[in-house]
Amino acid sequence: MATALELLEAHACFGGLVQRYQHYAESCHAPMRFSIFLPPPGGDQRHPVVYFLAGLTCTEETFMIKAGAQRYAAELGLILVAPDTSPRQTGISGEDDDWDFGSGAGFYVDATAAPWSAHYQMHRYVTEELPALIHRHFPASPRQQGICGHSMGGHGALVCGLLHPDRYRSISAFAPVCAPSRSPWGQKAFAAYLGSDQRRWQGYDALALLQETAGTSSTPILIDQGRADPFLEGELKTRWLEGLKDDRLILRWHEGYDHSYFFIASFIGEHLAFHARHLHARSAA
Ligand SMILES: N[C@@H](CCC(=O)N[C@@H](CSC=O)C(=O)NCC(=O)O)C(=O)O
């Protein structure tokens, strides 16, 4: 049976449309919300899709409201999809106690440890259930998907893209948590969602996956990082990527930029152009 989509709001935007929806997610056994930007319609044309995974404390609204991405997506003919960052109101004890854990902090993993495993299946939701739903209900091209994210969502974008090279043709990230199994945010989340066996964490660690897939995957990756980001040394570990010498990876440093959406807004146009270049190239191939 096709999933019912409940429209929560809709706004005209740059000749296209921003909409926000709620639906029941089978993977999370919970209602989930997402925002979508649909570019101006072009006949029967199906559009490439860029998924944006937001960071800690964000919702499905944050990117659509703060990043200023719609002007670029309208020009490039891209659909943008921004899911919420976790299931909410699941009834799990303590889910709302911390800003960096539980609600708003799903870390884009499939939890294996109780009680989180009952609902926190964000990896499957983002990589399987949501794309299937988007392709069913919107003029999206299933073979032209890119994925982008910020901070916790930057980790999510790198991990989803690296684990599923067949599903995502381009990957980009702003200030990603590059090695969550060695950062306090990631360690707190992974210990609860995946259990204490740290070998399991490696499957969701972008740095480990970059090393593991070097030479076997060619998905292009763009990462932007501000040098004035207060989380750079403690949480993000972006400098560790510099040693990789990975041909897939473009890592750009920006003097004076911090961790905020002002940083994202400054470079989102270049990220979407990067995705459009690779996704449109695929359509022609
Ligand atoms: N509340 C925290 C800061 C939370 C924060 O900075 N969240 C970032 C993502 S951090 C990594 O995933 C964010 O995107 N916030 C939303 C926004 O609108 O800026 C604190 O007080 O330190």
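Rules used in this analysis
- Residues numbered from 1 in each chain as written.
- Predicted model: local features only at pLDDT ≥ 70, side-chain atom pairs only at ≥ 80, totals over all residues.
- Heavy atoms only, no water.
- Helix = DSSP H or I, 4+ residues; strand = E, 2+ residues; numbered from the N terminus.
- Buried < 20%, exposed > 50% of the residue type's maximum accessible area, 1.4 Å probe, protein only.
- Polar contact = N/O pair within 3.5 Å; in protein donor to acceptor, adjacent residues only side chain to side chain.
- Contact = heavy atoms within 4.5 Å.
- Pairing = 2+ DSSP bridges.
- Axes fitted to C-alpha atoms, helices over the stretch in contact; angles between N-to-C directions.
- Expected span 1.5 Å × (residues − 1).
- UniProt positions renumbered as here; feature names shortened; annotations may be inferred.

Here's the deal with the side chain of Thr85
Reasoning step 1: Structurally, the position occupied by Thr85 is in the loop between strand S5 (79–83) and helix H3 (122–137).
Reasoning step 2: By relative accessible area, which is 0% here, Thr85 ends up buried.
Reasoning step 3: Within the structure, Thr85 has its side chain in polar contact with the backbone oxygen of Cys58 (distance 2.6 Å).
Reasoning step 4: One polar contact links the side chain of Thr85 to the main-chain carbonyl oxygen of Gly104, over a distance of 3.5 Å.
Reasoning step 5: The residues touching Thr85, leaving out its near neighbours within four places in the chain, are Ala54, Gly55, Cys58, Gly104, Ala105, Gly106, Phe107, Tyr108, Met122 and Met152.

Let's talk about the sheet that holds strand S6 (residues 140–150)
Reasoning step 1: One open sheet accounts for nine strands, arranged S1-S2-S3-S5-S4-S6-S7-S8-S9; its pairing is mixed. Single-partner strands in this sheet number two, and they are strand S1 (6–13) and strand S9 (249–254). Adjacent strand axes in the sheet meet at a mean angle of 20° when their direction is disregarded.
Reasoning step 2: Pairing of strand S3 (residues 30–38) with S5, which is carried by four bridges, proceeds in the antiparallel orientation.

Quick word on helix H4 (residues 152–163)
Each full turn of the α-helix corresponds to 3.6 residues, which orients residues three or four apart in the same direction.
Reasoning step 1: Counted at 1.5 Å a residue, the expected span for H4 with its twelve residues is 16 Å, and the 16 Å between its end C-alpha atoms agrees.
Reasoning step 2: H4 sits mainly inside the fold: eleven of its twelve residues count as buried.
Reasoning step 3: Inspection of H4 places Met152, Gly153, Gly154, His155, Gly156, Ala157, Leu158, Val159, Cys160, Gly161 and Leu162 among the buried residues, and these make up the whole buried set.

Here's the deal with the UniProt feature "active site" (unreviewed entry) in the protein
Reasoning step 1: The residues that UniProt annotates with the feature "active site" (unreviewed entry) are Ser151, Asp229 and His259. A stretch of 109 residues holds the annotated residues, and the largest C-alpha distance among them is 10.8 Å, short enough that they meet in one place.
Reasoning step 2: You can see Asp229 is positioned in the loop between strand S8 (221–226) and helix H7 (232–236).
Reasoning step 3: Engagement of the side chain of Asp229 in a polar contact is seen with the backbone nitrogen of Phe231, the distance being 2.8 Å.
Reasoning step 4: Structurally, His259 is set in the loop between S9 and helix H8 (261–284).
Reasoning step 5: Leave out the neighbours within four places in its chain, and His259 touches His150, Ser151, Ala175, Asp229, Pro230, Phe231 and Leu236.

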